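The chain contents come next:
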Number of protein chains: 2
Amino acid sequence: MAAPVDFLTYVDDHQDQFIQRLATAVEIPSVSGEPARRPDVVRMAKYLEEQLQAYGVETKQVDLGTHVMDGQTLPLPPAILGRIGNDKAKKTVLIYGHFDVQPAELSDGWSWPPFTLTRDEKTGRLYGRGSSDDKGPVLGWVNVLEAHHQLQKPLPVNLRFCFEGMEESGSEGLDDLILEEVKKGKESWFDGVDCVCISDNYWLNTRTPALTYGLRGISYYKVNIAGPARDLHSGVFGRMVHEPMTDLITLLSKLVDPQGNILVPGVDEMVPAADEEEKKLYTALDYSIEDVELSAGGKIALSDDKASVLMGRMRSPSLSLHGIEGAFYGAGAKTVIPAKVAGKFSIRLVPPQTPENVDPLVISYLETEFKKLGSKNTFSIENLHGGKPWVEDHKHWSYEAARRATEAIYKQTPDYTREGGSIPVTLTFAEALGVNVLLLPMGRGDDGAHSTNEKLDISNYIEGTKLLGTYLYEVAAGTKA
Amino acid sequence: MAAPVDFLTYVDDHQDQFIQRLATAVEIPSVSGEPARRPDVVRMAKYLEEQLQAYGVETKQVDLGTHVMDGQTLPLPPAILGRIGNDKAKKTVLIYGHFDVQPAELSDGWSWPPFTLTRDEKTGRLYGRGSSDDKGPVLGWVNVLEAHHQLQKPLPVNLRFCFEGMEESGSEGLDDLILEEVKKGKESWFDGVDCVCISDNYWLNTRTPALTYGLRGISYYKVNIAGPARDLHSGVFGRMVHEPMTDLITLLSKLVDPQGNILVPGVDEMVPAADEEEKKLYTALDYSIEDVELSAGGKIALSDDKASVLMGRMRSPSLSLHGIEGAFYGAGAKTVIPAKVAGKFSIRLVPPQTPENVDPLVISYLETEFKKLGSKNTFSIENLHGGKPWVEDHKHWSYEAARRATEAIYKQTPDYTREGGSIPVTLTFAEALGVNVLLLPMGRGDDGAHSTNEKLDISNYIEGTKLLGTYLYEVAAGTKA
Ligand SMILES: [Zn+2]
Ligand SMILES: [Zn+2]
Ligand SMILES: [Zn+2]
Ligand SMILES: [Zn+2]
């Protein structure tokens, strides 16, 4: 069942209004990882809830309690549950998205203020933090609701919504909410859900829409080395004391090599090598080494072989060194011996890896390596957050509906991809609801989520809104599993 | 010739006023390494010049031209030359000091605002950036001038002053000034100088005054690794591309080991090992492992052997890793692959090392090691600043005068020390003027120059002012070499 023409026309006719909606959302700097911006996350929750209510969705703010961040106890931003439609004859689709964003400062190297949506007419792009991750997709659903509300058309399915404001900071509190809600049975806001649809990832490239059936997990670590009571002058103390930075850099250098191989014994080894048949799946994708180098903005691919680069992202673990807290980070030449430094790194996980089976390997390896240093500084390691990887059945009717919707809107067969990033809630929904979860991306592979100059192409926002709506019609038409 | 009692009494009677003078100076955040604070350095120059003029010193601001910092062309702060006294029968002492300071932010971990002088009555300490390095000592000289001016006493020697505002940023422009000034012969502000006295270092411990006859040099490096055009999401790009942080951390780990050994081939090897006789010099100093651990605030000495720890600071090179520019440095868990990172490290040099003979070793070693990584990222290395090491004749009459002055004020024989830090101008004065240079420290080994909570003990400031004045009387009494 194709989407009705009046819906598609409405979307085309209201582009500027939809872009204005996204602009309003981007202006709320809902950075969940910065305690000072917590009130903005709450403000964003309220804005989103009002939008849902305006188009007939019944909503509920769920208090998720408090958590500790940077030594402060902070209230978590509320999650928002929503529901519209209760027709037993229709399928029920649960939509997930997040309204918090990654940190961003103009000084990080943005070409425009990150919390202003900047429209570039020449390229047809909308720049701003959260434009693609994940405010654009979330508001895509609001656009679909608006269109049906204004056209006084009933939706083809019953919809349930679960939107959170802590995704970029480990989705604190959300798993508990989902598990609690599921327990309520008939009273649950998730009662009767037939499938879940999440729009929080990206096409593999800039040309071909994708359906995503796998995600890597993550385990994020902080390695702390401390020694002196305060920062020291390197002239006065250099070669008299054990320097925390020397210890930390030595440890961090033992985690990953420049070819991306993980040096923590047992981690790479947990994942069986791909056989020839599996390799063909990756060879079939619409992708080239040029694609990765264009989207990265540098000729830095780890290999010249497309399948091996794609497998690196989709079916291999990866270890990235993100930075150091406590060391000198400014411009210029400061001759300091930092007293207390913390290295941040994370490992992206693939089946059968989980934080539970990888963390002990990482922790005991670093403990052992630290002992080998013979340093009098102190060592500790923290796991800041973690999430299991996930792989889904991509022959399910929900995936079939998404394929047909993609073909209708984009006139292309989608790439079936596994993503390198982590959306831990995917797995929670899959396990707690026992239903199929579909990842239906709106943005392109070069959107730069989590980076400077994050963007969403106007065409992806508008066609993506049509895609989300059409997917609902195709679900309604499909065979219930 | 002991200092006259009325001078000493004047100093005792004007302690609060002298502390207020230091408080005024600390409130001017004259950070030479931060372009935005350049006007404060200029303001500090003006304040110091007015103080000198108030007590009868003829002054001259010398324009040092411009330089480039962080890509900006900036005017250098002026140097201040001063002279008072022109009696052929008296010796002429040239005083050097600097009125710029290291960067400091409350958020670095200071217990009090760094640019407010905080007086702690319980410990008798004055906390604030520049209190000990180098505003306290510079104002010690102003205090001596004030006392003589107010008491209408002639100074026992002719004095010349050379104060700069770029010491913490490589003393840009100062060498040229000194060399130009020396060339002027009879017209030179340095004409007739018999010796140089610099008060810009520290006692070895917290008990025993010191005279310092050696300094390490320095060479400060910035290693740049760049790859993608912008920061990347580690989920999307992890194990697809060469990550600049991985390359940088690998390179930095090859520079120094946790025991302080420099791994750059040829650098440690340039310095001959100490023989038994030289080791005895270090064994004789009033120092213990507890001293270093107390001043560092942690039990982190590289050895249990006092002489070997002291030699590490005084007669060995050291390599410190200061930090990384461009990586994630905040709190929390950001999953970024930084696009462009720069590692900062420096090597403290001892004879026969110089930046000229060490830089090529470091640069070619890192170039070679980078090639070994097999990375497609780009590598470059910059030398941000450098200075040669210096060792002086400590039997000279100026050192003898300082020894007698120390014995008069502190009732102790000073430690004869070599310092781990760098004051490159020391060597320029020694070479350009061809006279003896004395380092006469005011502060203690635990002052925390360049660190958080930098402090100067009130007793060191006040007795130190007496010491500087008494030194001038002892110079006047000594035998001209
Ligand atoms: Zn997201
Ligand atoms: Zn995200
Ligand atoms: Zn200094
Ligand atoms: Zn200094």
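This structure is a prediction, so every number in the text was calculated from the model and none was measured. Every chain is numbered independently, its residues counted from 1 as its sequence is written. As they are written, the chains are lettered A onward and the ligands numbered 1 onward, keeping that order. Where local features are concerned, this predicted model is filtered to residues with pLDDT of at least 70; where side-chain atom pairs are given and counted, the filter is 80 or more; whole-chain, interface and lining totals use all residues. Side-chain metrics rest on all non-hydrogen atoms present in the structure, leaving aside hydrogens and water.

1. Considering the domain arrangement of chain A
Residues and elements named next belong to chain A. Selection rule: Note that the domain bounds reflect an automated or database-derived domain assignment. The contact definition used throughout considers only heavy atoms, calling two residues in contact when any of these lie within 4.5 Å. For any pair of parts, buried area is found by adding up, for both, the accessible area (1.4 Å probe) each one loses once the two are put together.
Once the domains are mapped, chain A shows domain 1 (5-215 + 389-477) and domain 2 (217-271 + 316-387). One C-alpha centre belongs to domain 1, the other to domain 2, and the line joining them spans 34 Å. Taken together, the contact between domain 1 and domain 2 spans nine residues of the former and 10 residues of the latter. For the domain 1 and domain 2 pair, buried surface summed over both sides reaches about 650 Å², with 63% attributable to carbon and sulfur atoms. When the buried surface of domain 1 facing domain 2 is broken down by residue, Pro389, Ser422 and Pro424 rank first, second and third, together holding 61% of it.

2. Focus: the sheet that holds strand β20 (residues 455-457) of chain A
All names here are of chain A. Formally: In short, DSSP must find at least two bridges between two strands for them to pair. Helix and strand assignments come from DSSP, with helices taken as H or I runs of at least 4 residues and strands as E runs of at least 2, each series counted from the N terminus. Every axis corresponds to a line fitted to the C-alpha atoms, with the helix fit spanning only the stretch in contact, and the corresponding angles, defined between N-to-C directions, vary from 0 to 180 degrees.
In space, the three strands of this open sheet follow the order β6-β7-β20, with antiparallel pairing throughout. Since the sheet does not close on itself, it has two edges, and those belong to β6 (118-120) and β20, each with one partner. Each strand axis lies, on average, 20 degrees off the axis of its neighbour in the sheet, ignoring direction. Alignment of strand β7 (residues 125-127) against β20, held across three bridges, turns out to be antiparallel.

3. Remarks on the pattern of salt bridges
All names here are of chain A. For clarity, the cut-off: We define a salt bridge as a contact between a side-chain nitrogen of Lys or Arg and a carboxyl oxygen of Asp or Glu at a distance within 4 Å. Each residue is placed in one exposure class: buried if its accessible area under a 1.4 Å probe, protein chains only, is under 20% of its type's maximum, exposed if it is over 50%, and partly exposed if it falls in between.
All told, the structure shown has 76 salt bridges over all chains when counted by the stated rule. When the shortest N-O distance is used, the salt bridge between Arg37 and Glu34 registers 3.5 Å. By relative accessible area, which is 22% here, Glu34 ends up partly exposed. As a salt-bridge pair, Lys46 and Glu50 come within 3.5 Å of each other at their nearest N and O atoms. With Lys46 and Glu50 both in helix α3 (residues 38-54), this residue pair falls four residues apart, about one helical turn. Since its relative accessible area comes to 48%, Lys46 is described here as partly exposed. In this structure, a network of salt bridges that share partners links the residues Arg125, Arg444, Asp446, Asp447, Lys455 and Asp457.

4. Concerning the nonpolar core
The cut-off we apply is this: To qualify as a nonpolar core, a set must consist of buried Ala, Val, Leu, Ile, Met, Phe, Trp, Tyr and Cys residues joined through side-chain atoms within 4.5 Å.
In terms of nonpolar packing, the biggest core is built from 92 residues, with Val93, Leu159, Phe190, Phe429, Tyr461 and Tyr471 of chain A touching the most fellow members. Core analysis: the next-biggest nonpolar cluster, separate from the first, contains 91 residues, Val26, Phe161, Leu433 and Leu472 of chain B among them.

5. Observations regarding the coordination of the zinc ion (ligand 2)
Each donor-metal-donor angle would ideally measure 109.5 degrees in four-coordinate tetrahedral geometry, or 90 or 180 degrees in six-coordinate octahedral geometry. Residue and element names in this part refer to chain A. So the rule is basically this: As a rule, N, O and S atoms within 2.8 Å of a metal are its donors, except that Na, K and Ca use 3.2 Å; water is not among the atoms, so sites may look incomplete. By the criteria applied here, four donors are tetrahedral when all angles lie between 85 and 135 degrees, four are square planar and six octahedral when opposite donors are over 155 degrees apart and every other angle lies between 65 and 115, and any other arrangement is irregular.
Around the zinc ion (ligand 2), the protein contributes the donor atoms Asp133 (OD), Glu168 (OE), Glu168 (OE) and His450 (NE2), at 2.0 to 2.6 Å from the metal centre. The site at the zinc ion (ligand 2) holds four donor atoms, and with the angles between them running 54 to 138 degrees, its shape is irregular. Summarised as a motif, the one-chain spacing of the donors to the zinc ion (ligand 2) is D-x34-E-x281-H. Taken as a pair, the zinc ion (ligand 2) and the zinc ion (ligand 1) show a spacing of 3.2 Å, with Asp133 coordinating each metal.

6. Thoughts on the relation of the copies chain B and chain A
As a reminder of what qualifies: A residue counts toward the fit only if its pLDDT is at least 70 in both copies, and the copies are then superposed by least squares on the C-alpha atoms of those residues.
Between the two copies, chain B and chain A, the superposition gives an RMSD of 0.0 Å; the rotation angle is 180 degrees and the shift along the axis is 0.0 Å. Within this description, the copies of the chain are treated as partners about a two-fold rotation axis. Take the interface residues of chain B: 100% of them recur as interface residues in chain A, which is what a same-surface contact looks like.

7. Notes on the interface of chain B and chain A
Selection criterion: We call two N or O atoms a polar contact when they sit within 3.5 Å, provided that within protein one can donate a hydrogen and the other can accept it, with sequence-adjacent residues counted only if both atoms are side-chain atoms.
On the side of chain A, 96 residues touch chain B, which itself brings 96 residues to the contact. The contact between chain B and chain A buries some 8000 Å² in all, and 53% of this surface belongs to carbon and sulfur atoms. Its largest share of buried area at the contact with chain A, chain B owes to Arg239, Met240 and Ile300 of chain B, together 11% of the area lost on that side. Run the count over chain B and chain A and you get six salt bridges. Between the two partners, chain B and chain A, sit 56 residue pairs in polar contact (both at pLDDT 80 or more).

8. Remarks on the coordination of the zinc ion (ligand 4)
Residue and element names in this part refer to chain B. Only Asp133 (OD), Glu168 (OE), Glu168 (OE) and His450 (NE2) from the protein coordinate the zinc ion (ligand 4), and they sit 2.0 to 2.7 Å from it. What the four donor atoms of the zinc ion (ligand 4) show is an angle range of 53 to 137 degrees at the metal, which sorts the shape as irregular. All donors to the zinc ion (ligand 4) come from one chain, and their sequence spacing reads D-x34-E-x281-H. The zinc ion (ligand 3) is placed at 3.1 Å from the zinc ion (ligand 4), the two being bridged by Asp133. Placement of the pair is Asp133 in helix α4 (residues 131-150) and Glu168 in the loop between β8 (158-164) and α5 (174-183), with a sequence separation of 35 residues.

9. Notes on unusual backbone geometry
Residues and elements named next belong to chain A. In this structure, Asp134 follows Asp133 across a cis peptide bond, with omega equal to 5 degrees. Within the secondary structure, Asp134 sits in helix α4 (residues 131-150). The backbone phi angle of Lys411 is positive, close to 55 degrees, even though this residue is not glycine. Inspection of the secondary structure puts Lys411 in the loop between α12 (397-410) and β18 (415-419). Taking relative accessible area as the criterion, Lys411 reaches 67% and is therefore assigned exposed. Within the chain, Asn453 stands out as a residue other than glycine whose phi angle is a positive 55 degrees. On the accessibility criterion, Asn453 (17% relative accessible area) is buried.

10. Brief notes about helix α14 (residues 458-477) of chain B
For clarity, the cut-off: For a helix, the expected span equals 1.5 Å multiplied by the residue count minus one.
Compared with the 28 Å implied by 1.5 Å per residue over 20 residues, the 29 Å span of α14 of chain B between its first and last C-alpha is a close match. The buried fraction of α14 of chain B amounts to 16 of the 20 residues, a majority that puts the element mostly inside the structure.

11. A word on the sheet that holds strand β7 (residues 125-127) of chain B
All names here are of chain B. If you trace the three strands from one edge of the open sheet to the other, you get β6-β7-β20, paired in antiparallel fashion. Looking along the sheet, the strands with just one partner apiece sit at the ends: β6 (118-120) and β20 (455-457). Along the sheet, successive strands turn relative to each other by an average axial angle of 20 degrees, direction set aside. Contacts from α4 reach β7 and β20, with the element oriented near 50 degrees to β20.

12. Some details on the side chain of Ser171 of chain B
Relative to the elements of secondary structure, Ser171 of chain B occurs in the loop between β8 and α5. When residues no more than four places from it in sequence are discounted, the contact partners of Ser171 of chain B are Tyr96, Glu164 and Met166 of chain B.

13. A word on the packing of α4 of chain B against α14 of chain B
Residue and element names in this part refer to chain B. Note the cut-off: By convention the crossing between two helices is left-handed if the near helix lies anticlockwise of the far one by an angle smaller than a right angle, and right-handed if it lies clockwise. When residues are grouped by polarity, Ala, Val, Leu, Ile, Met, Phe, Trp, Tyr, Cys and Pro land in nonpolar, Asp, Glu, Lys and Arg in charged, and all others, Gly among them, in polar.
The geometry of α4 relative to α14 is characterised by a closest axis approach of 9 Å and an angle of 65 degrees between their N-to-C directions. Crossing angle aside, the handedness with which α4 passes α14 is right-handed. Contact residues: Gly136, Pro137, Leu139, Gly140, Trp141, Asn143, Val144 and His148 in α4; Tyr461, Thr465, Leu468, Gly469, Tyr471, Leu472 and Tyr473 in α14. Per-class residue counts for the contact of α4 with α14 are nine nonpolar, six polar and no charged.

14. Looking at the environment of Gly421 of chain B
One can find Gly421 of chain B in the loop between β18 (415-419) and α13 (425-433). Placed 418 residues apart in sequence, Gly421 of chain B and Ala3 of chain B show a C-alpha to C-alpha distance of 31 Å.

15. So, the packing of aromatic side chains
All names here are of chain B. Rules: Under the pairing criterion, centres of Phe, Tyr and Trp rings, with the six-membered ring standing for Trp, must be within 6.5 Å; the plane angle then separates stacked pairs below 30 degrees from edge-to-face pairs above 60, leaving the rest tilted.
For the structure on display, the rule yields 17 aromatic pairs over all chains. Between the aromatic rings of Trp112 and Tyr127, the centroid separation amounts to 4.2 Å while the plane-to-plane angle is 35 degrees, which identifies the pairing as tilted. Highlighted residues: Trp112 in the loop between β5 (92-98) and β6 and Tyr127 in strand β7, separated in sequence by 15 residues. Given a relative accessible area of 27%, Trp112 falls into the partly exposed group. Using a relative accessible area of 9% as the deciding quantity, one classes Tyr127 as buried. Here the aromatic rings of Phe370 and Phe379 are separated by 5.1 Å at their centres, their planes lie at 20 degrees, and the arrangement is stacked.

16. Here's the deal with the pairing of strand β15 (residues 340-349) of chain A
Residue and element names in this part refer to chain A. Of all the 10 residues making up β15, nine are buried; the element is thus mostly covered by neighbouring parts of the structure. Relative to β15, strand β11 (residues 217-226) runs antiparallel, the two being bridged by 10 bridges. Across the sheet, the residue bridging to Asn224 is Ala342, located in β15. The sheet contact formed by strand β13 (residues 318-325) and β15 spans seven bridges and is antiparallel. Bridging across to β15, Ile324 finds its partner in Gly343.

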